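# Structural description and commentary
Given next are the chains, with one letter for each unit.
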Amino acid sequence: VQLQASGGGVVQAGGSLRLSCAASGLTFSNYVMAWFRQAAGKEREFVAVVSWSGGTTYYADSVKGRFTISRDNAKSAVYLQMNSLKPEDTAVYYCAADPKRISSRAMNAMWYDYWGQGTLVTVSS
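Computed from a prediction, not measured in an experiment: that's the story for all the values here.

## Examining the overall build of the protein chain
Looking only at helices and strands, the protein chain features zero helices and 11 strands. When the helices and strands of the protein chain are placed in sequence order, the string is β-β-β-β-β-β-β-β-β-β-β. In summary, the protein chain has a C-alpha radius of gyration of 13 Å against a globular reference of 14 Å for 125 residues, a match within 12%. Referenced to the eigenvectors of the C-alpha coordinate spread, the extents of the protein chain come out at roughly 40 × 25 × 25 Å. Expressed as a percentage of the 125 residues in the protein chain, the buried residues total 44%. Expressed as a percentage of contacts within the protein chain between residues at least 6 apart in sequence, the contacts between residues at least 24 apart total 58%.

## With respect to the pairing of strand 8 (residues 77-82)
Most of strand 8 is tucked away, with five of its six residues classed as buried. One ladder, built from six bridges, connects strand 7 (residues 67-72) with strand 8; its direction is antiparallel. Within strand 8, the residue paired with Thr68 across the bridge is Gln81. Where strand 7 hands over to strand 8, the hairpin turn is made up of four residues, of which Ser76 adopts a positive phi near 55°.

Calculation criteria
Residues numbered from 1 in each chain as written. Predicted model: local features only at pLDDT ≥ 70, side-chain atom pairs only at ≥ 80, totals over all residues. Heavy atoms only, no water. Helix = DSSP H or I, 4+ residues; strand = E, 2+ residues; numbered from the N terminus. Rg over C-alpha atoms; globule rule 2.2 N^0.38 Å. Buried < 20%, exposed > 50% of the residue type's maximum accessible area, 1.4 Å probe, protein only. Contact = heavy atoms within 4.5 Å. Pairing = 2+ DSSP bridges.

The following block contains the structure:
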């Protein structure tokens, strides 16, 4: 299984970015997909997760209303649209995949079997 995250960059506060994660080596529609992030000196934290079909999503309170997770099973890709970015959103963003049915446990990084390499998002003030 390979997960390739992309789309990171430098953006001013209030701006937008769209992250992508391309998956290969798995039956994509059978996997819950998530985004996590890790700021310098901090632990990895949950951002958002989407169910197999895309019908169920969970978000961290810190990004609710600003970020949107979506997936395209035909393209084996998951996306994170990030709007109204804040300096505190600065982090390396990772996509993750797991075949288990979505639940509240999907907000825990330990739940996931597969991880991408990360893409850096920097929000300047």
